[in-house]
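Structural features, examined
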Amino acid sequence: MSLIQANGLSKSFGANDIFGDLSLSIPQRARIGLVGANGVGKTTLVRILLGLEEPSAGEVQRARGLRMGYLPQQAHLDSPLTLWQECRTVFDELLALQDELRRMEGQLSQQPELLETYGRLQETFERRGGYTYEVRIRQTLTGLGFSTHDFERPLMQLSGGQRTRAALARLLLGEHDVLFLDEPTNHLDTSAVEWLEAYLADWPGAALIISHDRYFLDRVVGEIWEMTPMLETYRGNYTAYLAQRAERYARRIEEYEAQRALVEKEQDYIRRNLAGQNSRQAQGRRKRLDRMLAEAQQTPPPQPRRLHLRLEPVSRSGDLVLQTHGLVVGYEVQQPLFEVPDLVLRRGECAAIWGPNGAGKTTFLKTLLGQVPPLRGELSLGAGLKIGYFAQAHESLNPAHSLLEEILATAPQLTPAEGRALLARFLFSGEDVFQSVQSLSGGERSRLALACLSLQGANLLLLDEPTNHLDLPAQETLQAMLAEYRGTILLVSHDRYLLDALATQIWEVRPHARQLRIFEGTYSEYRQALESAAAVLPSSAAAPVRPATPSVRPAGKTNKERQRIAQRQALEAQISAQEAELARLSGLLEHPPADAARVLALSQAYQQAQQALEQSLEAWMQLAEETSDEHP
């Protein structure tokens, strides 16, 4: 059964046609990724499906009583409430029911005839999560990266990114049949994205997701809709979509070439025989050809505009590119960001610097560039290096320049015509080249910065979040070019898909331990090592735990470590017993006894058991985090 059905949708703004004649269906439990170049109309389509905008043509049919939730790309909660209070408003009806149950509890001893009504209301209260809503709020906020200290902070004191995460938390806590999520991983760190992936995997409703996070799409969706601005459907995740798209394009090329060959053959026969003995046959063939072309004329399959990026080192560097000894990175001697183990980076490798926001990854790059002096230790760069730096904030771009001026300043040997030709390969054409840098969007600034980088002929690339703000076609092009690049790459990125394709080793920054850890291997191997390390920890649906970083541990354990292990084992046994007791009380409350006093006692016991379990789970999570920090 379809939750939403749309037929013949078109949208125009004045004389500008955004898309036309789209038909689609969103079934129950669907996980759909909506992809396409920036500006193709993805957000507009979502708003039409939600009923927030009207189509220029076509209709949308929604299932009766359909509950829809929407996270816009720029979502902010503006409320005088605290973060916890705002999330609690999702359960206002449930809280009113809780108040009614408490009121009735005080009347049961004098009015036993209320027992049946009380039991029915209590069953509804439990079925809708009345005994677990606070746990759900805590899980959701923690999963999305909020600390317990943030729970009581007023929303107006939170940053824009935090308020976007708060809006996502509030949305996930609601009761919806279908979710529309526009770039939901914006403002989330990696652990929060992974939590969201796990949440959506278990969520029973449907979801339509706009995202430039290819790894997220790979792990979450089972179908891809590509807007070109036509709508094409592909079964499977993002990687499956790439393969199917290539196959579909190749098949269309073959069909087009076959029809073109047939048309040329028939036209040649008609020309040679129209005035001769076979003129009647030629005339018949011409009629059949005209009819075929009128009914099913093939056209060359369209190719979307893509970057034409070429990264070519002008010279070969030495085999040893980077070496450190006793290096400490940061700005204050008393509070360094992290220590770097003695490391070696060789020519042709791609090292990915991985870690949470604010851990010091960009500072590390600037230390390698000599822009930030090391607090201690030494680093040496190899011979014959020509370094190209892509800054996350694009601070190397001059905001007062036009695009053409910026290109010519980077490569003075180019003529204006050559500069314009280069900009055209990065999708800047016509009068676009005279725009000022400061007027560009984030994606346009990224494309301009890549254009400048392509002119430098670097054999060592330091890339700080190079896929930020790029749409999917541009990300695909950049990844393909970096895979073919013959130099060395040091990459800072949260783009797990890019890391999975390129990285030969992972350098993980552990801010709590103030250390950099090196993992020799690909990102997939790194994730497998994390999952293996996490497998030794007990799983709990009520309290998901972030996996610890794989590392070689000494066989012997200190007294403190042994105490931690004993405390953890005791807590695990306690949690198991509390969960069993909670299940027992829940079973009794599903079929309440006739004695009103007994029902009241069971209800109170359930609430006490629930609170005790929450405290145990919180203690276990705190212990796990402390252990992880001590052994990064």
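If you're wondering where the values come from, they're calculated on a predicted model, not measured in any experiment.

A few words on helix α5 (residues 133–143). For α5, the set of buried residues is Y133, V135, I137, T140, L141 and G143. In the stretch just after α5, G145 is the one whose phi turns positive, near 95°.

What follows is about unusual backbone geometry. Non-glycine residue E465 carries a positive phi angle of around 50°. Tracing the backbone through its elements, the reader meets E465 in the loop between β16 (460–464) and α15 (472–484). Taking relative accessible area as the criterion, E465 reaches 4% and is therefore assigned buried. You will see that R514, though not glycine, has its phi angle at about 55°, which is positive. Take R514: its relative accessible area is 37%, and that puts it in the partly exposed class.

Now for the sheet that holds strand β4 (residues 57–62). The strand order across the open sheet formed by 3 strands is β2-β1-β4, and the pairing between neighbours is antiparallel. The two strands at the open ends of the sheet, each matched to only one other strand, are β2 (16–27) and β4. Across the sheet, the mean angle from the axis of one strand to that of its neighbour is 10°, orientation sign disregarded. Where strand β1 (residues 2–13) lies against β4, 5 bridges are found, and the strand directions are antiparallel. For N7, the partnering residue across the bridge sits in β4 and is E59. Taken strand by strand, helix α1 (residues 42–50) contacts β1, β2 and β4, and its axis lies near 125° from that of β1.

The next point concerns the packing of aromatic side chains. Enumeration over the complete set of coordinates arrives at 12 aromatic pairs. When the centroid spacing of 5.4 Å and the interplanar angle of 55° are considered together, the rings of Y238 and Y241 count as tilted. Note that Y238 and Y241 are positioned in helix α9 (residues 238–273) at a spacing of 3 residues, about one turn of the helix. We note that Y238, like Y241, is buried.

This next bit is on the packing of α9 against helix α10 (residues 279–296). Relative orientation and spacing of two packed helices are given, respectively, by the angle between their axes and the distance between those axes. Relative orientation of the contacting elements α9 and α10 amounts to 150°, with a least axis distance of 9 Å. Between α9 and α10, the crossing angle belongs to the class labelled roughly antiparallel. Classified by chirality, the crossing of α10 by α9 is left-handed. Side by side, α9 and α10 meet where Q259, L262, V263, E266, Q267, Y269, I270 and N273 of the first sit next to S279, Q281, A282, R285, R286, L289, M292, L293 and A296 of the second. Here the contact of α9 with α10 is built from residues that sort into 9 nonpolar, 5 polar and 3 charged.

Next up on the list: the nonpolar core. L141, L448 and L482 are the most contacted members of the largest nonpolar core, which totals 110 residues. Setting aside anything within four residues of it in sequence, one finds L141 in contact with L83, W84, C87, F146, F151 and A169. One finds L3, A6, M227 and L231 within the second-largest nonpolar core, a separate group that totals 27 residues.

Let's shift gears to helix α3 (residues 92–105). Compared with the 20 Å implied by 1.5 Å per residue over 14 residues, the 20 Å span of α3 between its first and last C-alpha is a close match. By the burial criterion, the buried members of α3 are L94, L95, L97, Q98, L101, M104 and E105.

Okay, the pairing of strand β8 (residues 223–227) next. Burial analysis of β8 places 5 of its 5 residues in the buried class, the great majority of the element. Where burial is concerned, the two faces of β8 agree: the one with E223, W225 and M227 and the one with I224 and E226 are both buried. Where strand β3 (residues 31–35) and β8 come together, 4 bridges link them in parallel fashion. Within β8, the position partnered with V35 by the bridge is E226.

Adjacent strands of a sheet form backbone hydrogen bonds with each other and so pair up, either parallel or antiparallel. Pairing within the open sheet is mixed, and its 6 strands lie in the order β5-β6-β7-β3-β8-β9. The strands lining the two open edges of the sheet, one partner per strand, are β5 (68–71) and β9 (231–235). When the angles between neighbouring strand axes are averaged without regard to direction, this sheet yields 15°. Lying on the sheet, α9 is in contact with β3, β8 and β9; it crosses β9 at an angle near 120°.

Let's shift gears to the side chain of R445. Structurally, R445 can be placed in helix α14 (residues 442–454). Lacking a salt bridge, the buried R445 has E395 as its closest oppositely charged neighbour, with an N-O distance of 7.4 Å. Polar contacts involving the side chain of R445 include one to the main-chain carbonyl oxygen of V437, which spans 3.4 Å. Aside from chain neighbours lying at most four places away, what touches R445 is A393, H394, L397, V437, Q438 and L440.

Thresholds applied
- Residues numbered from 1 in each chain as written.
- Predicted model: local features only at pLDDT ≥ 70, side-chain atom pairs only at ≥ 80, totals over all residues.
- Heavy atoms only, no water.
- Buried < 20%, exposed > 50% of the residue type's maximum accessible area, 1.4 Å probe, protein only.
- Helix = DSSP H or I, 4+ residues; strand = E, 2+ residues; numbered from the N terminus.
- Pairing = 2+ DSSP bridges.
- Axes fitted to C-alpha atoms, helices over the stretch in contact; angles between N-to-C directions.
- Contact = heavy atoms within 4.5 Å.
- Phe/Tyr/Trp six-rings, centres within 6.5 Å; stacked < 30°, edge-to-face > 60°.
- Parallel < 35°, antiparallel > 145°, perpendicular 65-115°, else oblique.
- Left-handed = near helix turned anticlockwise from the far one by under 90°.
- Nonpolar A, V, L, I, M, F, W, Y, C, P; charged D, E, K, R; others polar.
- Core = buried A, V, L, I, M, F, W, Y, C linked by side-chain atoms within 4.5 Å.
- Expected span 1.5 Å × (residues − 1).
- Lys, Arg positive; Asp, Glu negative; His and termini not counted.
- Salt bridge = Lys/Arg side-chain N within 4 Å of Asp/Glu carboxyl O.
- Polar contact = N/O pair within 3.5 Å; in protein donor to acceptor, adjacent residues only side chain to side chain.

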